[in-house]
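# Inside the fold
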Amino acid sequence: MFKKSLLLFIALTLFSCHATKSPIVTTKKSASKNTSYSQKNRKSKGRNEVIESTSRTVVTNDVVSGYVLQYKDIAMSNMKTYGIPASIILAQGILESGAGRGQLAENANNHFGIKCHADWKGDSVRHDDDSSQECFRKYNKASESYRDHALFLTGKGRYASLFELDKDDYKSWAKGLRKAGYATDPKYPDKLISYIERYDLARYDAQVLGTKYTPMENQNSRSVNFSSRNDDYYEVQKGDTLYSISKKYNVLVEDLKQKNKLSDNTLSIGQRLRIN
C-alpha cells in the first residue's frame, strides 16, 4: 500500500512539473532575422520612382541611378558613333524599360519599346501597349537593344530632322522624338526631360562633346519663384523634383500629388503646382 502511495505521489509530481513548463519557441530567432533584413531593405530602398510606359514599374531612385551607371558607357559610345545624345538614350532607356525592371526589358531585353514593324526579321514577343498583344522586338542581350535603337533612329527617314539639332540640346531632341512619332504619349518629352534633369544625364553629353558641365543642383541656385498673384502656387524650375519642393515648403509629396492631381512624379519646367 505504501509503495502504491509513493508511486502515485511521484507520478503526480512529474505530471505537475510537465504541465507548468514553458513551451519552447523556435520562431523568435528567425523572426529577428527577418526584421533586421526588412529594416536594412527599408534603409537602402530610398524614394519610390513610378515609371509608366509600355508597362507600369515601381522602382527606387537607387535602381534608376544603378541603371544609368550600368548603361552610360554604351550610351556615350552610341552618341559618338550615331550622333544621338547620350542623355536622350539613357532617358529613353529608363522610361521604356522601367529602369530595366519592366516586362519587355526582363522578358525580351527590349529597353526602348521598339515594336516589330514590317522590316524586323528577328525574334519577337507579344505585349499589350496601345493595342492588345502587339508585336515587340526581342534581343539576346540589352546591348543589342541599345544598338538597334540607334540603328532604328538613324535608319528611319522620319527621324532625320533630329540629327540637324545640336547634340547638347536634349529638350529639342525630346520634343522631336514625340513629333516624329516615336511615342503616342503627349507627356513623353516632359518625362524624358525630367529624367535627364533629375539624374544629371546631360553630363554624359558633355563628356562626349568635351564641354564643361554644371551639375543641375548648381544650375538651380536661383531663389524661389512664386506667382506674383497667388502665393499658393509654385512654378517648377529646372532641376526641381516633387521631393525637393516638398522639403522647401514642408509638405508631403503625396499631398502635393493629391492637390495637383498628379498620377506620377513627373514634372515639367514652368508647370504651376498648388502648394497650400
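Summary of the structure given here. (Residues numbered from 1 in each chain as written. Predicted model: local features only at pLDDT ≥ 70, side-chain atom pairs only at ≥ 80, totals over all residues. Heavy atoms only, no water.)

## Considering the packing of helix H4 (residues 86–97) against helix H9 (residues 202–209)
- The interhelical angle for the contact between H4 and H9, taken along N-to-C directions, is 145°, at an axis separation of 7 Å. Our pair here, H4 against H9, has a crossing hand that is right-handed. Listed contacts from H9 to Ala86, Ser87 and Leu90 of H4 are Ala202, Tyr204 and Asp205.
- When its residues are assigned to classes, the contact of H4 with H9 shows 4 nonpolar, 1 polar and 1 charged. (Axes fitted to C-alpha atoms, helices over the stretch in contact; angles between N-to-C directions. Helix = DSSP H or I, 4+ residues; strand = E, 2+ residues; numbered from the N terminus. Left-handed = near helix turned anticlockwise from the far one by under 90°. Contact = heavy atoms within 4.5 Å. Nonpolar A, V, L, I, M, F, W, Y, C, P; charged D, E, K, R; others polar.)

## A short note on the side chain of Glu96
- Here Glu96 shows up in helix H4.
- The buried charged residue Glu96 lacks any salt bridge partner; its closest oppositely charged side chain belongs to Lys191, at an N-O distance of 8.9 Å. (Buried < 20%, exposed > 50% of the residue type's maximum accessible area, 1.4 Å probe, protein only. Lys, Arg positive; Asp, Glu negative; His and termini not counted. Salt bridge = Lys/Arg side-chain N within 4 Å of Asp/Glu carboxyl O.)

## Focus on the pairing of strand S3 (residues 124–127)
- In S3, alternate side chains face the same way, and those of Val125 and His127 are buried while those of Ser124 and Arg126 on the opposite face are not.
- In this structure, S3 lies alongside strand S4 (residues 134–137), joined through 4 bridges in antiparallel fashion. Following the sheet pairing, Val125 is matched in S4 by Phe136. (Pairing = 2+ DSSP bridges.)

## So, helix H8 (residues 188–198)
- Burial runs high along H8: 10 of the 11 residues are buried.
- For H8, the complete set of buried residues consists of Tyr188, Pro189, Lys191, Leu192, Ile193, Ser194, Tyr195, Ile196, Glu197 and Arg198.
- Directly beyond the C-terminal end of H8, a positive phi value near 50° is found at Asp200.

## Regarding the packing of aromatic side chains
- For the structure on display, the rule yields 9 aromatic pairs.
- Ring plane angle 80° and centroid distance 4.8 Å describe the contact between Phe112 and Tyr146, whose orientation is recorded as edge-to-face. Of this pair, Phe112 sits in the loop between helix H5 (103–108) and S3 while Tyr146 sits in helix H6 (residues 142–155), and the two are 34 residues apart along the sequence. Just as Phe112 is buried, Tyr146 falls in that class too.
- One aromatic cluster is present, built from ring pairs that chain together Tyr67, Tyr71, Phe112 and Tyr146.
- Stacked on the ring of Tyr233, the Lys or Arg Arg272 has its end atom at 4.6 Å from the ring centre. (Phe/Tyr/Trp six-rings, centres within 6.5 Å; stacked < 30°, edge-to-face > 60°. Lys NZ or Arg CZ within 6 Å of the ring centre and 35° of its normal.)

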